[in-house]
Amino acid sequence: MLTVTPLKPEFGARIEGADLRRPLSAEEFTVMDATINRYGFIVIPGQDIDDDQQMEFAARFGPVDQTRATVDVQKQRLKYSAMNDISNLDEKGQILAADDRRRFFSLGNRLWHSDSSFKATPAKYSLLHARSIPPSGGETEFADTRGAWEALSAEMQAQLRDLVCDHSLIYSRAQLGFSEWTEAERRQFEPVPQRLVRRHAESGRIALFLSSHIGRIHGMPTPEAMMLIRDLLEHSTQPCFVHAHRWAVGDVVMWDNRTSLHRGRAYDDRRYKRDMRRVTLLDVAPTLEQEAA
Ligand code: OGA
Ligand code: MN
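The structure presented is a predicted model; accordingly, all values stated were derived computationally and were not measured. Residue indices begin from 1 for each chain and proceed along its sequence in written order. Key to labels: chains lettered from A, ligands numbered from 1, both in the order written. Where local features are concerned, this predicted model is filtered to residues with pLDDT of at least 70; where side-chain atom pairs are given and counted, the filter is 80 or more; whole-chain, interface and lining totals use all residues. No hydrogens and no water enter the side-chain calculation; it runs on all heavy atoms of the structure.

Here Asp 72, not a glycine, exhibits a phi torsion of approximately 55°, which is positive. What counts as a helix is a DSSP run of H or I of at least four residues, what counts as a strand is a run of E of at least two, and both are numbered from the N terminus. Positionally, Asp 72 belongs in the loop between helix 2 (51–59) and strand 4 (83–85). Relative accessible area decides the class of each residue, using a 1.4 Å probe on protein chains only: under 20% of the type maximum gives buried, over 50% gives exposed, and in between gives partly exposed. Residue Asp 72 is classed as buried on the basis of its relative accessible area of 15%. The backbone of Ser 116 sits at a positive phi, close to 60°, despite the residue not being glycine.

What sets the pattern is the α-helix's 3.6 residues per turn: residues three or four places apart point alike. Among all positions in helix 2, only Asp 51, Gln 54, Met 55, Phe 57 and Ala 58 are buried. For helix 2, the angular spread of the buried residues around the axis is 165°, confining them to a single face. Note on contacts: a residue pair qualifies if any of its non-hydrogen atoms lie within 4.5 Å across the two residues. Contacts from the buried residues of helix 2 go to helix 1 (26–39), strand 3 (41–44), strand 4, strand 5 (123–132), strand 13 (252–256) and strand 15 (275–282). Polar contact criterion, stated in full: a pair of N or O atoms within 3.5 Å, where within protein one must be able to donate a hydrogen and the other to accept it, and residues adjacent in sequence count only if both atoms are side-chain atoms. Backbone nitrogen of Asp 52 and a side-chain oxygen of the N-cap are separated by 3.1 Å at the start of helix 2; the cap is Asp 50. The arc refers to the directions leading from the helix axis to the C-beta atoms.

Here we take up the site of ligand 1. Here a residue is considered near a molecule or strand provided that any single heavy atom belonging to it is located within 4 Å of it. In the neighbourhood of ligand 1, the contacting residues comprise Ile 86, Asn 109, His 113, Asp 115, Leu 128, Glu 139, Thr 140, Trp 255, His 262, Gly 264, Arg 274 and Arg 278. In this structure, His 113 approaches ligand 1 through a side-chain N or O atom, which is 3.1 Å from an oxygen atom. All accessible areas in this document rest on Shrake-Rupley with a 1.4 Å probe, and a residue is counted as covered only by the protein chains that are shown. In the complex, the protein chains occlude 98% of the 290 Å² of accessible area that ligand 1 would expose alone. For the shell around ligand 1, a count of residues per class yields 3 nonpolar, 5 polar and 4 charged. Only Asp, Glu, Lys and Arg are considered charged, only Ala, Val, Leu, Ile, Met, Phe, Trp, Tyr, Cys and Pro nonpolar, and every remaining residue, Gly among them, polar.

Taken together, 7 strands build an open sheet; the order of strands is 1-2-3-13-5-15-4 and the sheet is mixed. Looking along the sheet, the strands with just one partner apiece sit at the ends: strand 1 (3–8) and strand 4. Taking the axes of each pair of neighbouring strands and ignoring which way they run, one obtains an average angle of 25° across the sheet. With 3 bridges connecting them, strand 4 and strand 15 associate as antiparallel partners. The partner of Asn 84 across the bridge, within strand 15, is Arg 278. For two strands to pair, DSSP has to find at least two bridges joining them. Here an angle of 0 to 180 degrees is reported between the N-to-C directions of two axes, which are lines fitted to C-alpha atoms, with helices fitted over the stretch in contact.

This next bit is on the pairing of strand 9 (residues 197–200). Bridge count for strand 9 against strand 10 (residues 205–208) is 4 bridges, and the pairing is antiparallel. By the bridge assignment for strand 10, Arg 199 is matched with Ile 206. From the end of strand 9 to the start of strand 10, which pair antiparallel, there are 4 residues, and Gly 204 there has a positive phi angle of about 70°.

Don't take any of this as a statement about function, it's just geometry.
Written out as structure tokens, the structure reads:
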């Protein structure tokens, strides 16, 4: 039997009583899927699972994104290319050198974002599992982009409803001054268009589709566009819309990238290992091919 405890009234829920080493029953699957659709993210504590078990659990919820979007892919630590390495470790499991390019690239995870919004078909759910954590810091924060939409004025909603933004990893990294890309990376990370406002079919609610990967809004001068995005990000990440998850080893957190934003928080990554692994599910189609809000 699963027990569901909401974290905020309509955002975030903790689910106890699961054992992800074994296949989910149909009933457990239904509870988890309904809970993430209603609450935007779920925390499933106490899971001692390996890469295979995490991959299998994720695949229950839909097609897994098989392609990693990262730099220096030839130096990978993890067995599955569908598993994203959200750690500060090199291919030998040692803490990354202070000047390692992968370390600088990973700092982009500390900007508010929605996973894979820079891919033509963005992410549906992300499933992050904590294998080892630092003694302090390294929380992950989540922001409720349905609550944020509903709190906007009707005038503002009307202005935003039909806007289309370009997203790229190159735009988010540029905010940190990370600008050295190979030709192949520039091609791989070409901007893709996404709706700014989307309807979440499962709940019937509307969400802002924000991300630090946004670098342009179609038909709007860039400084004006980027100021608007900055204002919307600030609006959406006010304390009333945010929950900070303090990790314990064995936690699985699964979030819906269609209805939430997230970011990692700082920790002493030169001293402590933080080993987190993520499997990402694909949304059904590019947002422009989905129903308008
Ligand atoms: C991610 C991510 C933030 C963190 O796994 O997609 O952005 O806290 N993680 O590591
Ligand atoms: Mn992320």
